Amino acid sequence: MIVIEGCAVATVDAAGTEHADGHVVVDGDRIVAVGAGPYRGDASATRVDGRGCLATPGLVNTHHHLYQWATRGYAQQEILFGWLKELYPVWARIDAGTVHAAAAAGLAQLALTGCTTSTDHHYVFPRGAGDLLAAEIEAAAAVGLRFHPCRGSMDLSEKDGGLPPDSVVEDTDAALAATKEAIDRYHDPAPGAMVRIAVAPCSPFSVTPRLMREAADLARSEGVRLHTHLAETVEEERYCQEVHGCTPVQYAEDLGWLGDDVWLAHAVHLDAAAIARLAATGTGVAHCPSSNGRLGAGIAPVRDLLDARVPVGLGVDGAASQEAGELGAELRQALYLARLRGGPAALTARESLALGTIGGARCLGRDGELGSLEPGKLADIALWRLDGLGHAGIEDPVAALVFGPAAPLRLLLVGGRAVVQDGALSTVDATVLAAGLARAARRLR
Ligand code: ZN
């Protein structure tokens, strides 16, 4: 048993329960007690002195492209379509070694910034590149994060009216077969699972309607979730109007892509009708504020989505459009963007923390076992240090975490296992990962 005590606790439960001085108790991979004051039980438990710290649920990253860690710093002044066109030929050269190095580095950075569960959306499978999904699943196991890789795909190349070149798209049937194989090999539906697969064709301008439709059928027959990019930019909106005569959300709905088993990355450009359809169908949104800023894509209507009761989580998005890859920092970025759009009351610090935790868990269909500190839930816990220069003296610990700089971690537990201790990774060596990442990036360049 592990007893964390002496810390502030923000449980992010339905009632928003917080303790100024409280405890969280872990037995095996589960939380068994949360409350005020010191813990009076089991004297033989390992005690963690949490004074000066805030315990929150581990953060849930709902959108990423880990391979892009090896292609950071490209196309610095481009919008999405120009950025993609510069990067597709570089991505055509990735292999299993690149993906492993990039994924290990990206997941380590996520762990160091409070993330305990991450998705990945991998949609570039060049011929002969090796087993890319296996490479990133192996990297996640080494770092120790809970992992939801989404088997992506693209089958609409330039010659057929899409955006990507031939070198990075797959044959439709081959993509569907590989997606089915990924589910068969890796998807674990059991409670407490460390790996779950989702089905994830890339975007309206890189995927045929047939692949979208058959991928949705496949996901539903296998009982796994669906993920894709949608309504990210005005150029995508224009593409959908020109090619399909409708908005991206109408297009998605026509293909069976709205539902409570679907979460969409970005959802920046939505009209009132689109928000109502997402709400009515229970479709989730992965909000990626820094990436939207980097590409100048726009500001997602997060306040309107929350008011409509749409599940909203946070995502760092791929590191080629968000070089920092820090999930903790997205709490503040989400708050800033919501306020730039809707004024200073548009999003509170606590709402931002909820986006990064229980909101993300809802997107992944795991709010029953992740996203809040409650007895019976998985012991995925971030213990943030708030007594250093960056946060000392801010009386409200949740405000310190969200308004202040990215907080260092005293401890990060994933299923009760320590992944970060006193600001350093306990599972992998960050220096070795950085050197491997630099080599992979050089090879691609
Ligand atoms: Zn993305």
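Reference entry: report on the structure contained in this document. Predicted model only: the values in this text are computed from it and were never measured. (Residues numbered from 1 in each chain as written. Predicted model: local features only at pLDDT ≥ 70, side-chain atom pairs only at ≥ 80, totals over all residues. Heavy atoms only, no water.)

It is worth spelling out the overall build of the protein at this point. Regarding its fold elements, the protein presents 14 helices and 17 strands. At 21 Å, the protein has a C-alpha radius of gyration in line with the 22 Å of a compact globule built from 445 residues. Its C-alpha atoms give the protein principal-axis dimensions of about 65 × 45 × 40 Å. Residue burial in the protein is summarised as follows: out of 445 residues, 60% are buried. Restricting the contact set of the protein to residue pairs at least 6 apart, pairs at least 24 apart contribute 74%. (Helix = DSSP H or I, 4+ residues; strand = E, 2+ residues; numbered from the N terminus. Rg over C-alpha atoms; globule rule 2.2 N^0.38 Å. Buried < 20%, exposed > 50% of the residue type's maximum accessible area, 1.4 Å probe, protein only. Contact = heavy atoms within 4.5 Å.)

Once that is clear, we can look at the pattern of salt bridges. Within the structure shown, the criterion is met by 27 salt bridges. Close ionic contact of glutamate 170 with arginine 151 constitutes a salt bridge, the shortest N to O distance being 2.8 Å. Linking glutamate 170 in the loop between strand 8 (146-153) and helix 4 (172-186) with arginine 151 in strand 8, this pair joins segments that are 19 residues apart in sequence. Judged on exposure class, the residue glutamate 170 and its partner arginine 151 are both buried. Between glutamate 181 and arginine 185 there is a salt bridge, with the nearest N and O atoms lying 3.6 Å from each other. (Salt bridge = Lys/Arg side-chain N within 4 Å of Asp/Glu carboxyl O.)

This next bit is on the side chain of threonine 117. Here threonine 117 shows up in strand 7 (residues 115-122). Accessibility expressed as a relative area gives 0% for threonine 117, which makes it buried.

Glancing now at the coordination of the zinc ion. With distances of 2.0 to 2.4 Å, the protein atoms coordinating the zinc ion are His63 (NE2), His65 (NE2), His229 (NE2) and Asp317 (OD). Taken together, the four donor atoms surrounding the zinc ion define angles of 89 to 177° at the centre, an arrangement classified as irregular. Mapped onto the sequence, the residues coordinating the zinc ion show the spacing H-x1-H-x163-H-x87-D. Taken as a pair, histidine 229 in strand 10 (residues 225-230) and aspartate 317 in the loop between strand 13 (312-314) and helix 11 (328-342) lie far apart in primary sequence, 88 residues in all. With respect to burial, histidine 229 and aspartate 317 carry one shared label: buried. (Donors = N, O, S within 2.8 Å, 3.2 Å for Na, K, Ca; no water. Tetrahedral: all angles 85-135°; square planar, octahedral: opposite > 155°, others 65-115°.)

A separate point is helix 4. Helix length check: helix 4 (15 residues) gives 21 Å between terminal C-alpha atoms against 21 Å at 1.5 Å per residue, within 8%. Burial in helix 4 covers these residues: Thr172, Ala175, Leu176, Thr179, Ala182, Ile183 and Tyr186. Taken down its axis, helix 4 places every buried residue within 125° of arc, on the same side. The inward-facing, buried residues of helix 4 contact helix 3 (132-143), strand 8, strand 9 (198-201) and helix 5 (209-222). For helix 4, the N-terminal cap is aspartate 171; the gap from its side-chain oxygen to the backbone nitrogen of aspartate 173 is 3.2 Å. (Expected span 1.5 Å × (residues − 1). Arc of directions from axis to C-beta. Polar contact = N/O pair within 3.5 Å; in protein donor to acceptor, adjacent residues only side chain to side chain.)

With that out of the way, let us pick up a positive patch on the surface. On the surface, Arg439, Arg442, Arg443 and Arg445 cluster together to form a positively charged patch. Assignment of secondary structure puts arginine 445 in the segment after helix 14 (430-444). (Patch = residues over 30% accessible without salt bridge, like charges linked within 9 Å, V, L, I, M, F, W, Y side chains within 5 Å. Areas by Shrake-Rupley, 256 points an atom, 1.4 Å probe, with all protein chains shown as cover. Lys, Arg positive; Asp, Glu negative; His and termini not counted. Charge placed at Lys NZ, Arg CZ, Asp CG, Glu CD.)

Here the focus is the nonpolar core. With 126 residues, the main nonpolar core has Trp83, Leu84, Trp91, Leu107, Leu145, Trp257 and Leu270 as its most contacted residues. Element by element, the count of residues in this core is highest for helix 2 (residues 96-112), at ten residues. Two domains each put at least three residues into this core: domain 1 (2-58 + 373-425) and domain 2 (59-363). Discounting residues that sit within four places of it in the chain, leucine 84 has contacts with Trp91, Tyr123, Leu163 and Phe205. (Core = buried A, V, L, I, M, F, W, Y, C linked by side-chain atoms within 4.5 Å. Domains from an automatic or database assignment.)

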